[in-house]
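Observations on chain architecture
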Amino acid sequence: MPAPAPVDPRLLRAFVAVAEDLHFTRAAARLYVAQQALSRDVRRLERELGVELFVRTTRQVTLTADGERLLPYARRVLQAQDELLAAFGQARPLLVDVNSPGLATGRLVLERARALAPEHELMARYESGLTGAAGELLAGRLDASFGRFAGLAPALRAGLGHQPVRYEPMAVVLPGGHPLARLPEVPLAALAGETVYAGAGNPRTPEWTELAHRLFEGRGIDVAPPAPLAVGDEEFQRIMDKSGNPVLAVVSFPPMGSTVVRPLVDPVPLSPVSLVWRKGLVHPAFDALRRAVTQLVAEERWLRIPAGAWIPDADAAVMAVHD
């Protein structure tokens, strides 16, 4: 009986992308290839293995029984290939989610890591929320992200590692004409009676909304109901102008248009930020990313908790136990 022909890892990577997205167009975008090329690779893999891996209709794509059977093997092969390439300095780019271009913490860590490992490629991604990024991390579509680790469901945390990065002071974004906009700092008590937007209804950021509920509880501050999800500064500004609601943010949130960013005080609420990654991640640039965190924490005293600051006990406990 002749030995089976070796399978090109590129074909396995195409298969895994479609198996995870169950959508050829999205999978092609993730791999930065044309949809026709992706479909061709999947068909070639099916021919080489002599099985049908997907059931394709005009409405959906589903895995066949053979596709389900292949998926764990394909993932293990690709993981082994990544480890092999990493061991010999031929790693693919490290994909790092910094949440959004305007937020400082993840961007500063990424910039420092690039300086520490100039021989490697570290590429920014913008997932806008740790809950949204967590699924991408576990599926191998992202390597690292930043956010509130305690806000993730325990089932998600079980497959992820984290390193505390920062207790970032929180702020409020106000329309320029809001009465509180003239204050250099906004006491939390001054928000009593206000309805503050904190991402309610956004499936990518429930950890942020839950933190807002904890902060506002007993202070007479309401969390604004779900609003249309604004993509881009212009749409965010338009929705904000229409509602007139303040927006809960962090002090590094960039002002835009006619808005102002004001730190919250009395007490100073802190947003806990961790570097988060998929357990078992092997990549030569990942060490540089963690070293960047260690350096910036020491230089900027990012993990210092000011006297009288506010942080949920659950978050403080999670930040104290890390990888």
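Quick caveat, the model's predicted, so the values are computed rather than measured.

Conventions we followed
Residues numbered from 1 in each chain as written. Predicted model: local features only at pLDDT ≥ 70, side-chain atom pairs only at ≥ 80, totals over all residues. Heavy atoms only, no water. Helix = DSSP H or I, 4+ residues; strand = E, 2+ residues; numbered from the N terminus. Buried < 20%, exposed > 50% of the residue type's maximum accessible area, 1.4 Å probe, protein only. Contact = heavy atoms within 4.5 Å. Expected span 1.5 Å × (residues − 1). Polar contact = N/O pair within 3.5 Å; in protein donor to acceptor, adjacent residues only side chain to side chain.

**Some details on the environment of Ala-292**
Along the chain, Ala-292 falls in helix α10 (residues 284-300). Under the relative-accessibility criterion, Ala-292 is labelled buried at 0%. Excluding anything up to four places from it in sequence, Ala-292 contacts Val-109, Arg-112, Ala-113 and Leu-116.

**Overview of the environment of Leu-174**
Residue placement: Leu-174 occurs in strand β6 (residues 160-175). For Leu-174, a relative accessible area of 0% puts it in the buried group. Sequence-wise, Leu-174 and Phe-54 are 120 residues apart; in three dimensions their C-alpha atoms are separated by 50 Å. Those residues in contact with Leu-174, other than ones at most four positions away along the chain, are Leu-180, Ala-181, Val-186, Met-240, Pro-246, Ser-258, Thr-259, Val-260 and Arg-262.

**Things to note about helix α1 (residues 9-21)**
Its 13 residues give α1 an end-to-end C-alpha distance of 18 Å, which sits within 8% of 18 Å, the value for a rise of 1.5 Å per residue. Here α1 lies mainly inside the structure; ten of its 13 residues are buried. By the burial criterion, the buried members of α1 are Leu-11, Leu-12, Ala-14, Phe-15, Val-16, Ala-17, Val-18, Ala-19, Glu-20 and Asp-21. The backbone nitrogen of Arg-10 has a side-chain oxygen 2.9 Å away, supplied by the residue at the start of α1, namely Asp-8. With its phi angle positive at about 50°, Leu-22 sits one or two positions after the end of α1.

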